[in-house]
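What the coordinates show
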Amino acid sequence: MKNACFTATIALLSGCSLINSLDSVKPATEESDAGNGAHAGKGGKGSGGRSDTGGSGGMADTGGASGKGGTGGASGGDTGVAGMDASAGGSTPDSSVIDTGGADSGSPREAGAGGTDGGNFTPGGPNGAIVAYDPDGLKTWVLDPTDAHLVSSETSLRILAIANDPATDYWYIFRQPGKVTDPAELQVRQLNTTNGQWHDVGLPVAVPNPATPTIGVLNQRLAYLSTPVLTAPNPATSAFTVLDTSNPEAVTVTQRNTAIRATGPSCATATACGKIALTARASTTGPGGTVTIAAQQLAPCDVAGCSVSVFGETINSTTVKEDATTTMVGYVNTTGGNMGFASAEGTNEFDVVVMPPSTLAAAAPATCTPDSMVTGTAAFLDSSHSIVGTGFGFDIDNLRVNAAGFDPCHNIAFGTSLLGDTAIWAIPMMSGGTPQKLCTKGGGGTLLYEAFTHGVLRVTPDDNRFELYDIDATDPASPKLSARTLKFPPLFVNKGAVLAVRRPKTVCK
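Residues numbered from 1 in each chain as written. Predicted model: local features only at pLDDT ≥ 70, side-chain atom pairs only at ≥ 80, totals over all residues. Heavy atoms only, no water.

1. Notes on the packing of aromatic side chains
A complete count under the given rule lists five aromatic pairs for this structure. Plain terms: the ring middles of Phe174 and Tyr224 are 5.2 Å apart, the flat faces sit at 70° to each other, and that makes the pair edge-to-face. Here Phe174 is found in strand β10 (residues 171–176), whereas its partner Tyr224 is found in strand β14 (residues 221–226), with 50 residues between them in sequence. Geometrically, the ring pair formed by Phe380 and Phe406 is edge-to-face, given 5.9 Å between the ring centres and 85° between the ring planes. With Phe380 in strand β24 (residues 375–381) and Phe406 in strand β26 (residues 403–407), this pair connects stretches of sequence that are 26 residues apart. An identical accessibility class is assigned to Phe380 and Phe406; each is buried. The cationic tip of Arg281 hangs over the ring face of Phe350; the distance from NZ or CZ to the ring centre is 4.8 Å. (Phe/Tyr/Trp six-rings, centres within 6.5 Å; stacked < 30°, edge-to-face > 60°. Helix = DSSP H or I, 4+ residues; strand = E, 2+ residues; numbered from the N terminus. Buried < 20%, exposed > 50% of the residue type's maximum accessible area, 1.4 Å probe, protein only. Lys NZ or Arg CZ within 6 Å of the ring centre and 35° of its normal.)

2. Points about the environment of Val498
Relative to the assigned elements, Val498 resides in strand β35 (residues 498–501). For the pair Val498 and Leu160, spaced 338 residues apart in sequence, the C-alpha to C-alpha distance is 6.9 Å.

3. A few points about the pairing of strand β18 (residues 289–297)
With eight of nine residues buried, β18 is to be regarded as a mostly interior element. As judged from the nine bridges shared by strand β17 (residues 273–282) and β18, these two strands associate in the antiparallel manner. Within β18, the position partnered with Cys273 by the bridge is Gln297. The hairpin formed by β17 and β18 contains six residues between the paired strands, and Gly288 there has a positive phi angle of roughly 105°. By the bridge criterion, eight bridges tie β18 to strand β19 (residues 306–315) in an arrangement that is antiparallel. Residue pairing across strands places Val291 opposite Glu313, the latter belonging to β19. (Pairing = 2+ DSSP bridges.)

4. A word on the sheet that holds β14
Spatial strand order, β13-β14-β15-β16: four strands in an open sheet with antiparallel pairing. Edge positions in the sheet fall to β13 (216–217) and β16 (252–259), since each of these pairs with one other strand and no more. As defined by bridge partners, β14 adjoins strand β15 (residues 239–244) across six bridges and the pair is classed as antiparallel. Within β15, the position partnered with Arg221 by the bridge is Asp244.

5. As for the confidence of the model for the protein
Per-chain confidence: the protein averages 78 in pLDDT, with 74% of residues scoring 70 or above. Averaged pLDDT values over the elements of the protein bottom out at 30 in strand β2 (residues 60–61) and peak at 98 in β13. Here residues 1–106 scores under 50 on pLDDT; set against residues more than four positions off or in separate chains, the count is 352 contacts. The low-confidence segment residues 112–118 (pLDDT under 50) makes 23 contacts with residues lying over four places distant or belonging to another chain. (pLDDT = per-residue confidence, 0-100. Contact = heavy atoms within 4.5 Å.)

6. Section: the state of the cysteines
Inspection of every chain in the model, using the stated rule, returns three disulfides. Sulfur-sulfur distance for the disulfide between Cys368 and Cys439 comes to 1.9 Å. Here the S-S torsion is close to -65°, and the disulfide linking Cys368 with Cys439 is therefore left-handed. Of this pair, Cys368 sits in the loop between β23 (351–355) and β24 while Cys439 sits in strand β29 (residues 436–439); the two residues are 71 residues apart in sequence, bridging distant segments of the chain. Note on Cys368: relative accessible area 10%, which makes it buried. Paired through a disulfide, Cys409 and Cys508 show a sulfur-sulfur distance of 2.2 Å. With the S-S bond torsion at -100°, the cross-link from Cys409 to Cys508 turns out left-handed. With Cys409 in the loop between β26 and β27 (412–416) and Cys508 in the segment after β35, this residue pair connects regions lying 99 residues apart in the sequence. Accessibility expressed as a relative area gives 1% for Cys508, which makes it buried. (Disulfide = S-S within 2.5 Å.)

7. Some points on the environment of Ser482
Within the fold, Ser482 resides in strand β33 (residues 480–483). With relative accessibility at 38%, the residue Ser482 sits in the partly exposed group. The sequence separation of Ser482 and Gly455 amounts to 27 residues, and the corresponding C-alpha distance is 9.4 Å. In contact with Ser482, other than residues within four places in its own chain, are Leu468, Tyr469 and Asp470.

8. Structural notes on the environment of Val353
Note that Val353 resides in strand β23. In sequence terms Val353 and Ala404 are 51 residues apart; their C-alpha atoms lie 7.7 Å from each other.

9. Quick notes on the sheet that holds strand β9 (residues 158–164)
The strand order β9-β10-β11-β12 describes an open sheet built from four strands, whose pairing is antiparallel. Pairing within the sheet leaves two strands with one partner each, and these edge strands are β9 and β12 (198–207). In this sheet, neighbouring strand axes are inclined to one another by 20° on average, regardless of whether the strands run parallel or antiparallel. Where strand β11 (residues 184–191) meets β12, seven bridges bridge the pair, whose relative direction is antiparallel. Residue pairing across strands places Val188 opposite Val201, the latter belonging to β12. (Axes fitted to C-alpha atoms, helices over the stretch in contact; angles between N-to-C directions.)

The structure is reproduced here in structure tokens:
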């Protein structure tokens, strides 16, 4: 077991169609405001619109329904959040159990702007946390990762992305205070994980709009794919932005919407490849770190398929330097194939890529097949972005890996699929390992490793499911996932939700 500071940012943007007609998850419980004290503040009313934005860099639906504004009297926004690939999935037996009874771990509270509770705010705490923005309810939820019970909620502005810095425990909230044509703003916050209170650090700062919900957290820096076209995020036009967070009360923009050059063997123009993923690795010696950007060839593609290539950005206290070369990691099918990327923090390698086959001998099955005899590959990428060795095979009769994650304590990669062979995979990244293929209902669009409880969080947009899995790594060469029983907050809706988990300074103890 290795000690590691987990600074991975998990990212995957898929090229599939979007479905935005998901039902709400509405457990039969009542939200309580009586919990740990009085309301910390009340939000003003505004035109907090809702819209469904394609998280795969798809076109944004910027139509907005009216809603309540954010905390402290701020108005809501008309913009959307980057959603998730939501192509229709299979209908295999349900693998998770959801307890729709009341939460039994204390009383939730309604948190107001600032959430300082009369100046008695204490940041941090011993617990993990899942922070989720619900675009339908215009709420920011703080959930306990043990069983997803409600810790607190607050009315919120439209949130585009959320990131937690394990080194400082600051939360970076990218939100939309105005219309879709307006710039985003960044609010730095602190969270008490015991009672769910929030505290604002400094004032909001105008920043370039995130093109996706993935924010790379570095040492005193944030890096992310940004969109120069506010009304229509597009993977072909995504740019790159770096923020200086050395002073959390006054974040500044180091690099704003800088165009990323074309990448990949078949990308002859700046729009021939779409940026599909971003991972980050913080420096241990000073400000900055490294960012890996994956780009997928857009149609028309090569005969072998659409190439996927990666290149790096190196950030320090004064400069942002882009790699002079790119490395192709493989091909995906032209009908919408997809790879998953995650940071391999905690190992000697830089990243993990989870790749499906680029072609299938027969049509993909309508439901999950436990042993389909079709092989995908999970592999490490080294500092030059080359695949290390031959990779590790796993059974997947599917052309898409819609999201990936990585457990740095036991070197286990995770993947999830969306269509047909819908499953979640645990793949030991070691010789002689035995992967687990757990057939599930619906497919995943978000996959996050949760270190505090040693679990995997998965959100399935096609049937509006929110799942947590325990990781049994007693034998790391043969990991096992099992679904937890969850207790959702009342009226929780995860359609297009933006999610992040608290990340400890030291993952492996």
